[in-house]
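# Working through the structure, step by step
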Amino acid sequence: MRTLAVAITLSILLALAVVYLYPYTAPYSPSNPNWDGYSKAASICLRPVYTPWELNGSRVVFVIPLVNLPKAYVNGLRGVLARGGVVVVLSNSPTANHLLRELGVDVSITGLVIKDPLFNSLNEYFPIAAVSNYSPLNITASFITLDNATVINPGNAAVVALTGLSSIAGGEAGPFPVMVTARVGKGYVVIISSPGVFMNSLLGYGGNMMLLRELCNGSAAYLIPSLGGGVQLTLRMYVAYLRHYASQYPANYALSAAPMVLLSLMLFLKRRR
C-alpha cells in the first residue's frame, strides 16, 4: 500500500513538472514560438513576472489585460507609476478600460476595428501607423504595422501614433489614434490598441522592433497573469509565490538550516540504534 502511495505521489509530481516546463503556447505568451507568440520579444527585452512583488523593482511593465487583474497587481502597477516608471498597456478590446480607470487614466479603447485598404501590410486588417517623436520616453518617428487595431479615445492623453488617411472604422474615415501616452503621477502610461504589434510574426515589420526596444529602455517586466488562466499559468504563479515566500524571513533561515537539522537528526537516530 505504501509503495502504491509513493508511486502515485511521484506520478503526480512528474505530471506537474511536465506541465510546468512545457512551453505556454497561448497567444502573446513569452514561451510561444508560433506566429501569435511573444517569444522573440521576450528574448529581446521582456522579462516574464508572475507576482505583484516582482513589480517592485521594475522600471517598465508591459501588460496585455485579457482579464481583470486582482487588486494586488493593480497596486503594483500604481507603485511603478509612483516611482516614475512606465506601464505599457496593449489591448484592442474595451476590456482594458477597467484597468485604465484603476490606473487613473482618462483614455478608453472603443473596440472599433480599423481597416486600411491602401496603407497596410499583408491586408487591410494590418494597418500601418505613423509614430511621432515623443521625447519624454525617447520614442523616435517611425512606421509600425498593427494587427486588428482599434480606435483609441485619447481624452487628454498625447497622441503618439495615427493610422493613415485611407483608414476606416465604424463608418468613419481616419486617421485614428492607435498609440497614446498619459502622465500619471511621476510616471507614464502608454496605450497601444494592438497587442499584435510585438508578436513574432510582426516584430520584424517596419519600426515595430525599434519601438519595442525604445519602450523597454533596456529591460522590462511582462505581467503574465494579465493573459488569463489555465492550469499551466496557475501552476507557474503558485511556484512564483512559493519562491517569494521562501525567500522571506523566517522561511529563508529555516530552509537554509534544514539540511543541518536533517543531518543532525539522522546522526541522532543512528546513535540510538
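A short tour of the structure in this document, coming up. (Residues numbered from 1 in each chain as written. Predicted model: local features only at pLDDT ≥ 70, side-chain atom pairs only at ≥ 80, totals over all residues. Heavy atoms only, no water.)

### Overview of the pattern of salt bridges
For the coordinates displayed, the defined rule picks out one salt bridge. Across the pair Lys71 and Glu102 runs a salt bridge, and its minimum N-O distance is 3.7 Å. Highlighted residues: Lys71 in helix H3 (residues 71–82) and Glu102 in helix H4 (residues 97–102), separated in sequence by 31 residues. Since its relative accessible area comes to 47%, Lys71 is described here as partly exposed. (Salt bridge = Lys/Arg side-chain N within 4 Å of Asp/Glu carboxyl O. Helix = DSSP H or I, 4+ residues; strand = E, 2+ residues; numbered from the N terminus. Buried < 20%, exposed > 50% of the residue type's maximum accessible area, 1.4 Å probe, protein only.)

### So, the sheet that holds strand S1 (residues 46–49)
Judged by pairing direction, the sheet is mixed, and its nine strands sit side by side in the order S1-S13-S2-S3-S12-S11-S8-S5-S6 without closing on themselves. One side of each edge strand has no neighbouring strand; the edge strands of this open sheet are S1 and strand S6 (142–145). Pairwise comparison of adjacent strand axes, ignoring direction, gives a mean angle of 25° for this sheet. Bridge count for strand S3 (residues 86–90) against strand S12 (residues 187–192) is five bridges, and the pairing is parallel. Bridging from a neighbouring strand, Val89 pairs with Ile191 of S12. Across the face of the sheet, H3 comes into contact with strand S2 (60–63), S3, strand S11 (177–184), S12 and strand S13 (220–223) while running at roughly 130° to S3. (Pairing = 2+ DSSP bridges. Axes fitted to C-alpha atoms, helices over the stretch in contact; angles between N-to-C directions. Contact = heavy atoms within 4.5 Å.)

### Focus on a nonpolar patch on the surface
A cluster of nonpolar side chains, namely Leu118, Phe119 and Phe143, defines an oily patch on the protein surface of about 340 Å² accessible area. Along the chain, the position of Phe119 falls in the loop between strand S4 (108–113) and strand S5 (128–131). (Patch = residues over 30% accessible without salt bridge, like charges linked within 9 Å, V, L, I, M, F, W, Y side chains within 5 Å. Areas by Shrake-Rupley, 256 points an atom, 1.4 Å probe, with all protein chains shown as cover.)

### Structural notes on the packing of aromatic side chains
This model, assessed by the stated rule, comprises five aromatic pairs. Here Tyr28 and Tyr38 contribute two aromatic rings whose centre-to-centre distance is 5.9 Å and whose plane-to-plane angle is 85°, an arrangement assigned as edge-to-face. Residue Tyr28 is located in the loop between helix H1 (2–21) and helix H2 (39–44), and its partner Tyr38 is located in the loop between H1 and H2; the two are separated by 10 residues in the primary sequence. Exposure remark for Tyr28: the relative accessible area of 15% places this residue in the buried category. Under the relative-accessibility criterion, Tyr38 is labelled buried at 1%. A centroid spacing of 5.5 Å and a plane angle of 25° characterise the contact between Tyr38 and Tyr222, whose relative ring orientation is stacked. Here Tyr222 lies in strand S13 and Tyr38 lies in the loop between H1 and H2, a separation of 184 residues in the sequence. For the residue pair Tyr38 and Tyr222, the accessibility class agrees, reading buried in each case. (Phe/Tyr/Trp six-rings, centres within 6.5 Å; stacked < 30°, edge-to-face > 60°.)

### Structural notes on the state of the cysteines
For the structure shown, the criterion picks out one disulfide. A disulfide bridge connects Cys45 with Cys216, and the sulfur atoms are separated by 2.1 Å. Across the disulfide from Cys45 to Cys216, rotation about the S-S bond amounts to roughly 55°, and the bridge is consequently right-handed. Separated by 171 residues along the polypeptide, Cys45 in the loop between H2 and S1 and Cys216 in helix H5 (residues 208–216) bring together distant segments of the chain. Here the two residues Cys45 and Cys216 agree in accessibility, since each one is buried. (Disulfide = S-S within 2.5 Å.)

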